[in-house]
Amino acid sequence: MKAVTGMTDPEEQLGLGIDPLTRARYQGVSFLGFSGALSLLAAGVLTPSLAAPLAIYGYATLAVNIASTVAADPIDKWLQKQLLEQNDMGEDRWARRQAGRLIAAYCTGVPLEYVMDNQIGLTVVKPYSRQSGNCDIEELRASVDADGYMAKGLSKRDVDRQSIVQMTGLVAEYKKYGKATMGNTFFSELDSQLDLSDTLLDRRNKQIQARYGVVAGYQLLERHEEAFELVSEGLKCGKTVQELISILEMPKAAAAE
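Residues numbered from 1 in each chain as written. Predicted model: local features only at pLDDT ≥ 70, side-chain atom pairs only at ≥ 80, totals over all residues. Heavy atoms only, no water.

Observations regarding the packing of aromatic side chains
With the rule as written, the count across this model stands at zero aromatic pairs. Against the face of Tyr 177 rests Arg 93, its NZ or CZ located 4.1 Å from the ring centre. Taking the ring centre of Tyr 218 as reference, the NZ or CZ of Lys 175 above it sits at 4.4 Å. (Phe/Tyr/Trp six-rings, centres within 6.5 Å; stacked < 30°, edge-to-face > 60°. Lys NZ or Arg CZ within 6 Å of the ring centre and 35° of its normal.)

Encoded structure:
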């Protein structure tokens, strides 16, 4: 991978570490949940005068955990906004990640489930799991045989496509800035897709797929650098899906005008 991409520390350069805000959020919720549970247990064996404040604390932490679960999506969006504001050229980085996904999906033949703005006004590109669409979970479960093979799962070719699609956005950001951000989000999405593979993939094989996606994505961007830049700018300008696809389908000379 280093020979193709020049990466010397992929984990750092692809932004795989959990950002401080997200880490603080999960550590805080975990601490509250654990301490609250201990407080409720202790309240059950202590005298009423000592048990009352512990019980109040325990139920309060339970309420906080429930609220954080219910509000997980808006909290995640708020964290994304904070991370964008903390990073130089945050919107450009975001656009490059999404443009990488889009051009990789187009080049590998994976259709898009949607291209739409999220709650903080930034465009999100969401590809399907495979050319025929997303997997049906009930069909997947019913197709598992005694050896663990999932006949309705993603084929090796589908898995390779997903590896390229999910990694190309991070590679696009790395190519310009020397380091990607929010990489854990893309790796988490890739991990979810790899879990749909018709053959069970262990941690080592998942890492191999991710590395394959990084190398293939880098090579794809090298071949289509001009089109990628136009798509990235198009996303920032709010172009429609049809307009973005038309950019990719233009003859090279026409696209440059």
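Continuing now.
Quick word on unusual backbone geometry
The backbone of Met 182 sits at a positive phi, close to 60°, despite the residue not being glycine. Within the secondary structure layout, Met 182 lies in the loop between helix H8 (156-177) and helix H9 (183-194). What makes Met 182 buried here is its relative accessible area of 11%. (Helix = DSSP H or I, 4+ residues; strand = E, 2+ residues; numbered from the N terminus. Buried < 20%, exposed > 50% of the residue type's maximum accessible area, 1.4 Å probe, protein only.)

Quick word on helix H6 (residues 90-108)
Relative to the 27 Å expected for 19 residues at 1.5 Å per residue, H6 spans 27 Å between its end C-alpha atoms, a close match to the ideal helical length. With respect to burial, H6 is a largely interior element, 16 of its 19 residues being buried. Gly 109 sits one or two residues past H6 and shows a positive phi near 80°. (Expected span 1.5 Å × (residues − 1).)

Quick word on the pairing of strand S2 (residues 123-127)
Looking along a regular strand, one sees side chains alternate from face to face of the sheet. Within S2, five of the five residues are buried, which leaves it mostly tucked inside the rest of the structure. Residues Thr 123, Val 125 and Pro 127 line one face of S2 and the alternating positions Val 124 and Lys 126 line the opposite face, and both faces are buried. Relative to S2, strand S1 (residues 112-117) runs antiparallel, the two being bridged by five bridges. Residue pairing for S2: Tyr 114 is matched across the bridge by Lys 126. (Pairing = 2+ DSSP bridges.)

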